[in-house]
Amino acid sequence: MAQPRVTIVGAGPAGTRAAELLVAAGLHPLLVDEAADNGGQIYRRQPAGFRRPPAALYGTEAGRATALHASFDALRGRIEHWPESLAWNLRDGVLHVLRGERSHALPFDALILATGATDRLIPLPGWTLPGVFTLGGAQIALKAQACAIGRRVAFLGSGPLLYLVAAQYAKAGAEVAAVLDTAPAGARWRALPLMAARPALLAKGAALLARLRRAGVPVHRGVTPLRLCPDASGARLGGIAFRQADGREAVLDCDASGLGWHLRAETQLAGLAGCGFDFDRASRQWLPRIDADGRSEVPGLYMAGDGVRLLGADGAEIAGRLAALAVLRDLGFAPPAGADPAALRRRRQAMDRFRRGLAIAFPWPAQLVAGLPDETLVCRCEAITAGELRRSAGALDAPEVNRAKAFSRVGMGRCQGRMCGLAGAEILAAARGVPVEEVGRLRGQAPVKPLPVAALREEEA
Amino acid sequence: MNPAPPPLLRRLGEAHRRPVAFTLDGQPATALEGDTLLTAILTNASALRLSEFGDGPRAGFCLMGACQDCWVWTEAGTRLRACGTPVTAGLRIMTKEAPWPSLG
Ligand SMILES: Cc1cc2nc3c(=O)[nH]c(=O)nc-3n(C[C@H](O)[C@H](O)[C@H](O)COP(=O)(O)OP(=O)(O)OC[C@H]3O[C@@H](n4cnc5c(N)ncnc54)[C@H](O)[C@@H]3O)c2cc1C
């Protein structure tokens, strides 16, 4: 049998484990990633010449990080690896990849999308001020560049990453002004029955909190952020105004802040391929429809990792293996010895319970988003306000996000709604008085990220 | 003239790397080998560019190539995404005036 063409987008935990399993079965997959090196988000590698040991970079996950990197290094030469290559379109069974200055049209027999996630954000008043970054961005500055995002850094949002990044900053010697969590203090206890599915992770969470306490970092729960305030120059962040759980208002002094409320799945390519989507209540976002092993409704298209189900890094490794096993089975190849999809599916079930627990412990504050003041700049790309979005819902009668986008341009900018899309949907839904799933899913367009214009011309010619 | 505002980012280590000389708004500036352009600029300055919509300076946001808010221009008018571009010796970057030659 001729070697089938199998391509993977994303060299994080999901993509790496998928590639490894395909190689073990005798295939030679192509692995495409926009980043300069493999690792994905959590196991991102620092540039050549940096000297910090894995324990300093990955903490309790150092063992997993080095294991994944070693697996990847062992694949070199046995897979085709295209780093710094952006998959920018997927239609009619062809993946379009920009590599260097050139775009390549790549047909495939099977394609696994393992595109990961980005921070889920709330467009607070003042969020475009220099000094305000995403939580993930704050972590990347530290991990990949050995920099803190400021001198006195506050972390605002909700979810496990909030506490993790704060603790990583404190450990690296940065001054952490405070952790401001929008989740009410009691929410964690309600989530315990579900979160008990992964006791080791619960223990890690408790250890993080203890570390923050020892470092003297104040942790405020149940806060309502009001605005990110400029300093005296007006040109950068000076503080965060917020309401405490007891109703009192306060301003926290800081010159930098990392914002994030869990993650949003990176689903543009799945959308362009024509996959069906379902609204996921726990994460309050639209996710591509897949079966238990990651098959989509589009023949030959598979998905794995945080780009399709937000289960975290361990869940991504499992999903990558399951998707690769599904590819092998569908292409008529025998699975490598020892592969046990049933066991993988069972492990993933526990992770899914935990994920639903997390969504209860650290809820997305939909009310806060729906009530953002009219003058709030929702779209960073084109400077469009919450008021303009509400006007498209009311006066212009846009019933769903894509119509509202056409009227207000929210979600039409160069980030394609990655930063504002989920919040924009909440604002629109509240303005129309309907549940958020009724205003629909923001559709992406090719290219999924801006390309140099020359690259497009070259492929067409 | 106001004194230049302090840089945004603060280095916490890895200072042994070789220096890289580049030009920021016509002035000589120094970064370290392995820095992204975003790190190179924001360890010297407090913003990457001015918003083309007049709402003030911007200094990047996500650092992972998703937000497209860290675009900068070379003096020759080439657009670069600062978070994913390594700094190289001799780069000439402008942050004060945005030429916006192509919005593609
Ligand atoms: C910034 C950030 C920091 C995180 N930090 C932690 C942490 O410290 N601890 C923790 O437990 N979890 C963390 N998480 C969550 C954790 O990273 C994920 O659960 C895990 O990495 C998911 O693995 P994955 O393989 O699905 O995707 P990822 O690891 O995100 O990998 C996806 C890869 O796909 C590539 N990609 C995406 N789209 C394209 C495209 N169109 N073309 C080419 N390449 C593409 C990306 O460059 C990336 O390398 C973090 C998440 C984010 C976003």
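Residues numbered from 1 in each chain as written. Chains lettered and ligands numbered in written order. Predicted model: local features only at pLDDT ≥ 70, side-chain atom pairs only at ≥ 80, totals over all residues. Heavy atoms only, no water.

Participant: Quick one: what's the story with the overall build of chain A, residue by residue and with numbers?
Facilitator: When helices and strands are tallied, chain A shows 15 helices and 23 strands. The globule rule puts the C-alpha radius of gyration for 461 residues at 23 Å, and the 22 Å found for chain A is close to it. Along the three orthogonal principal directions, the C-alpha set of chain A runs to about 70 × 55 × 45 Å. Within chain A, buried positions represent 56% of all 461 residues. Taking the contacts inside chain A whose residues are at least 6 apart along the sequence as the reference set, 67% of them involve residues at least 24 apart. Here chain A contributes 57 positively and 43 negatively charged side chains, and the mean placements of these two sets differ by 5 Å. (Helix = DSSP H or I, 4+ residues; strand = E, 2+ residues; numbered from the N terminus. Rg over C-alpha atoms; globule rule 2.2 N^0.38 Å. Buried < 20%, exposed > 50% of the residue type's maximum accessible area, 1.4 Å probe, protein only. Contact = heavy atoms within 4.5 Å. Lys, Arg positive; Asp, Glu negative; His and termini not counted. Charge placed at Lys NZ, Arg CZ, Asp CG, Glu CD.)

Participant: Could you give an account of the packing of aromatic side chains, naming the residues involved and the relevant values?
Facilitator: One pass over the structure, following the stated rule, counts five aromatic pairs over all chains. When the centroid spacing of 6.4 Å and the interplanar angle of 75° are considered together, the rings of tyrosine 43 of chain A and tyrosine 58 of chain A count as edge-to-face. With tyrosine 43 of chain A in the loop between strand S2 (30-32) and helix H2 (54-58) and tyrosine 58 of chain A in helix H2, the pair connects residues that are 15 residues apart, well separated along the chain. Note on tyrosine 163 of chain A and phenylalanine 362 of chain A: the rings are 6.2 Å apart at their centroids and 50° apart in plane angle, and the pair reads as tilted. You can see tyrosine 163 of chain A sitting in helix H5 (residues 160-171) and its partner phenylalanine 362 of chain A sitting in the loop between helix H10 (341-361) and helix H11 (366-370), a full 199 residues away along the chain. Sitting above the plane of the phenylalanine 61 of chain B ring, arginine 380 of chain A keeps its charged end 3.7 Å from the centroid. (Phe/Tyr/Trp six-rings, centres within 6.5 Å; stacked < 30°, edge-to-face > 60°. Lys NZ or Arg CZ within 6 Å of the ring centre and 35° of its normal.)

Participant: Quick one: what's the story with the environment of alanine 48 of chain A, residue by residue and with numbers?
Facilitator: One can find alanine 48 of chain A in the loop between S2 and H2. As for alanine 48 of chain A and valine 23 of chain A, which are separated by 25 residues in sequence, their C-alpha atoms are 27 Å apart.

Participant: Report on the side chain of glutamine 145 of chain A, specifying residues and quantitative values.
Facilitator: Along the chain, the position of glutamine 145 of chain A falls in helix H4 (residues 135-145). Separated by 2.8 Å, the side chain of glutamine 145 of chain A and the backbone nitrogen of threonine 36 of chain B make a polar contact. Filtering out sequence-adjacent residues up to four positions away, glutamine 145 of chain A remains in contact with Pro47, Phe50, Arg52 and Ile140 of chain A together with Arg17, Gly34, Asp35, Thr36 and Thr39 of chain B. (Polar contact = N/O pair within 3.5 Å; in protein donor to acceptor, adjacent residues only side chain to side chain.)

Participant: Which residues make up the domain arrangement of chain A, and what are the values?
Facilitator: All names here are of chain A. By domain assignment, chain A separates into domain 1 (6-118 + 264-358), domain 2 (121-261) and domain 3 (366-439). Relative placement of domain 1 and domain 3: their C-alpha centres are 31 Å apart. Contact with domain 1, which involves eight residues of that partner, is made by seven residues of domain 3. Looking at the side of domain 1 facing domain 3, the largest losses of area belong to Arg264, Gln268 and Arg284, adding up to 55% of the total buried there. Our count for the domain 1 to domain 3 interface comes out at three salt bridges. Measuring nitrogen to oxygen at the nearest pair gives 2.8 Å for the salt bridge that ties arginine 281 to glutamate 437. (Domains from an automatic or database assignment. Buried area = accessible area lost by both parts, 1.4 Å probe. Salt bridge = Lys/Arg side-chain N within 4 Å of Asp/Glu carboxyl O.)

Participant: Report on the interface of chain A and chain B, specifying residues and quantitative values.
Facilitator: In this complex, chain A contributes 50 residues to the contact, which on the side of chain B involves 43 residues. Overall, the association of chain A and chain B removes approximately 3700 Å² of surface from exposure, summing both partners, and the carbon and sulfur fraction of that is 57%. Between the two partners, chain A and chain B, sit four salt bridges. Here glutamate 14 of chain B and arginine 52 of chain A are joined by a salt bridge, their closest N and O atoms 2.9 Å apart. There are 18 residue pairs in polar contact (both at pLDDT 80 or more) connecting chain A and chain B. If you list the elements that add at least two residues to the side of chain A that touches chain B, you get strand S8 (117-119), strand S9 (132-134), H4 and strand S10 (147-148) of chain A. Among the elements that take part in the side of chain A that touches chain B, H4 of chain A stands out by supplying six residues, more than any other. In this structure, S10 of chain A lies alongside strand S1 (residues 10-11) of chain B, joined through two bridges in antiparallel fashion. The residue of S1 of chain B that forms the bridge with cysteine 147 of chain A is arginine 11 of chain B. (Pairing = 2+ DSSP bridges.)

Participant: Which residues make up the pairing of strand S14 (residues 224-230) of chain A, and what values do they have?
Facilitator: Of the strand pairs in this sheet, S14 of chain A and strand S15 (residues 237-243) of chain A are connected by six bridges, and their pairing is antiparallel. Its bridge partner lying in S15 of chain A, proline 225 of chain A is registered against phenylalanine 242 of chain A.

Participant: Before we move on, could you go through the nonpolar core and cite the residues and values that matter?
Facilitator: Note on soluble globular proteins: their nonpolar side chains tend to be buried together. Residues and elements named next belong to chain A. By size, the foremost hydrophobic cluster in this structure holds 111 residues, and its most contacted members are Phe155 and Tyr169. Apart from residues no more than four positions distant in its own chain, phenylalanine 155 is found in contact with Leu135, Ala138, Leu162, Val165, Ala166, Tyr169, Val176, Ala178, Val179, Leu180 and Gly258. If you look at the next biggest cluster of nonpolar residues, it comprises 34 residues, including Val23, Phe72, Leu75 and Met351. (Core = buried A, V, L, I, M, F, W, Y, C linked by side-chain atoms within 4.5 Å.)

Participant: Describe in detail the pattern of salt bridges, supporting the description with residues and values.
Facilitator: Should the charged atoms of two oppositely charged side chains come close, the side chains can pair. Scanning the model with the defined rule gives 42 salt bridges over all chains in all. Of the charged contacts in the structure, one is a salt bridge between arginine 284 of chain A and glutamate 426 of chain A, with a shortest N-O distance of 2.8 Å. Of this pair, arginine 284 of chain A sits in the loop between strand S19 (277-280) and strand S20 (285-288) while glutamate 426 of chain A sits in helix H14 (residues 421-432), and the two are 142 residues apart along the sequence. Judged by its relative accessible area of 30%, arginine 284 of chain A is partly exposed. One connected set of salt bridges, linked through shared partners, spans Arg380 and Arg414 of chain A together with Arg49, Glu52, Asp55, Arg58 and Asp69 of chain B.

Participant: Just give me the short version of the sheet that holds strand S3 (residues 27-32) of chain B, but keep the residues and values in it.
Facilitator: Residue and element names in this part refer to chain B. The five strands are arranged S3-S2-S8-S6-S7 in an open sheet whose pairing can be described as mixed. At either end of the open sheet lies a strand with only one pairing partner, and these are S3 and strand S7 (79-81). Strand-to-strand twist across the sheet, computed as the mean angle between neighbouring axes with direction ignored, equals 45°. Sheet analysis places strand S6 (residues 71-74) next to S7, joined by three bridges and oriented antiparallel. Pairing of tryptophan 73 across the sheet is with arginine 79, part of S7. (Axes fitted to C-alpha atoms, helices over the stretch in contact; angles between N-to-C directions.)

Participant: Go over the site of the ligand, please, and point to the residues and values.
Facilitator: Of all residues adjacent to the ligand, which total 29 residues, the nearest are Ala14, Asp33, Ala87, Gln139 and Asp306 of chain A. Chains contributing residues to the immediate surroundings of the ligand are chains A and B. Within the contact set of the ligand, an oxygen atom lies 3.2 Å away from a backbone nitrogen or oxygen of proline 13 of chain A. Isoleucine 42 of chain A has a polar backbone atom sitting 3.3 Å from an oxygen atom of the ligand. For the ligand, whose unbound accessible area comes to 980 Å², protein coverage reaches 91%. When contributions to the shell around the ligand are tallied by element, the ones reaching two or more residues are helix H1 (13-24), strand S4 (85-91), H4, H5 and helix H9 (312-331) of chain A. Classifying every residue of the shell around the ligand gives 15 nonpolar, 11 polar and three charged. (Near = heavy atom within 4 Å. Areas by Shrake-Rupley, 256 points an atom, 1.4 Å probe, with all protein chains shown as cover. Nonpolar A, V, L, I, M, F, W, Y, C, P; charged D, E, K, R; others polar.)

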